[in-house]
Amino acid sequence: MTAQVLEFLGGNPGRTALFEAVERVISELGDCELSVAKTQISWGNPFKFAFLSNPPRSLVRQGRAEDCLLLSFGLDHREEHPRIAAAANPYPDRWTHHVVLAEPGDIDETVKNWLECGYIFAKLKKRRR
């Protein structure tokens, strides 16, 4: 774990455990690059396909744990599932989905499958013209 990742997570043990669980799953998918920005941690191959960010305050106010993270991933279709907090269609054939993670166990087979599909989608995706 890099110093940038630790700084982003703010030393929060819960968020650190979530990051490690997501990183473990993503590392099993194949080669990809980790990037840390002010508002998110992202993975790409070369296109970004998975993101971790702090949840919106509205989720924390709704009783969600303060040490949760928001996992976002891109797919070529809209996925319907109760665990998906929101989905957006930023441009044709691209859907961004958001899932709240409160504990490492939230990264189950369903989430692993979404991350794998996102990884493949990003790998095969072409640049928009």
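Residues numbered from 1 in each chain as written. Predicted model: local features only at pLDDT ≥ 70, side-chain atom pairs only at ≥ 80, totals over all residues. Heavy atoms only, no water.

1. Some thoughts on the state of the cysteines
Scanning all chains against the criterion turns up zero disulfides. Between Cys32, a cysteine without a disulfide, and Cys117, which holds the nearest cysteine sulfur, the sulfur-to-sulfur distance is 15 Å. For Cys117, a relative accessible area of 33% translates into the label partly exposed. (Disulfide = S-S within 2.5 Å. Buried < 20%, exposed > 50% of the residue type's maximum accessible area, 1.4 Å probe, protein only.)

2. A few points about the packing of aromatic side chains
For the structure shown, the criterion picks out three aromatic pairs. Relative to Trp43, the ring of Phe19 has its centre 6.0 Å away and its plane inclined at 20 degrees; by these criteria the two rings are stacked. With a gap of 24 residues between them, Phe19 in helix α2 (residues 13–27) and Trp43 in strand β2 (residues 40–44) connect regions that are remote in the sequence. Grouping residues by exposure puts Phe19 and Trp43 together as buried. With 5.3 Å between their ring centres and 15 degrees between their planes, Phe73 and Trp114 make a pair best called stacked. Pair noted here: Phe73 is in strand β4 (residues 69–75) and Trp114 is in helix α4 (residues 109–124), with a separation of 41 residues, a long-range link. Residues Phe73 and Trp114 agree in their burial class; the two are buried. (Phe/Tyr/Trp six-rings, centres within 6.5 Å; stacked < 30°, edge-to-face > 60°. Helix = DSSP H or I, 4+ residues; strand = E, 2+ residues; numbered from the N terminus.)

3. Observations concerning the nonpolar core
Val22, Ile41, Trp43, Leu52, Leu71, Leu101 and Leu115 are the most contacted members of the largest nonpolar core, which has 28 residues in total. At the level of secondary structure, the elements contributing two or more residues to this core comprise α1 (3–9), α2, β2, β3 (48–53), β4, β6 (94–101) and α4. Among the elements that make up this core, the one with the highest residue count is α2 (six residues). Beyond its immediate sequence surroundings of up to four residues, Leu101 is in contact with Leu18, Val22, Leu52, Cys68, Leu69, Leu71, Arg83, Asp106 and Ile107. (Core = buried A, V, L, I, M, F, W, Y, C linked by side-chain atoms within 4.5 Å. Contact = heavy atoms within 4.5 Å.)

4. Quick notes on α4
Along an α-helix, a turn takes 3.6 residues, which lines up residues three or four apart on a common side. Over its 16 residues, α4 extends 23 Å from the first C-alpha to the last, a length consistent with the 22 Å expected when each residue adds 1.5 Å. All of the buried residues in α4 are Val111, Trp114, Leu115, Gly118, Tyr119, Phe121 and Ala122. Down the axis of α4, the buried set is contained in an arc of 165 degrees. They therefore lie on one face. Of the residues in α4, the exposed ones pointing more than 90 degrees away from the buried face are Glu109 and Leu124. Turning to α4, the residues buried within the fold contact α2, β3, β4, β5 (84–91) and β6. (Expected span 1.5 Å × (residues − 1). Arc of directions from axis to C-beta.)

5. Overview of the pattern of salt bridges
As enumerated under the stated definition, the model contains three salt bridges in all. A salt bridge links Arg78 to Glu80, with the nearest nitrogen and oxygen atoms 3.1 Å apart. Of the residues examined, Glu80 reaches a relative accessible area of 59% and is grouped as exposed. The partner of Asp108 in a salt bridge is Arg83, with the nearest N and O atoms 2.9 Å apart. In this pair, Asp108 sits in the loop between β6 and α4 while Arg83 sits in the loop between β4 and β5, placing the two residues 25 residues apart along the sequence. Judged by its relative accessible area of 28%, Asp108 is partly exposed. Taking relative accessible area as the criterion, Arg83 reaches 24% and is therefore assigned partly exposed. (Salt bridge = Lys/Arg side-chain N within 4 Å of Asp/Glu carboxyl O.)

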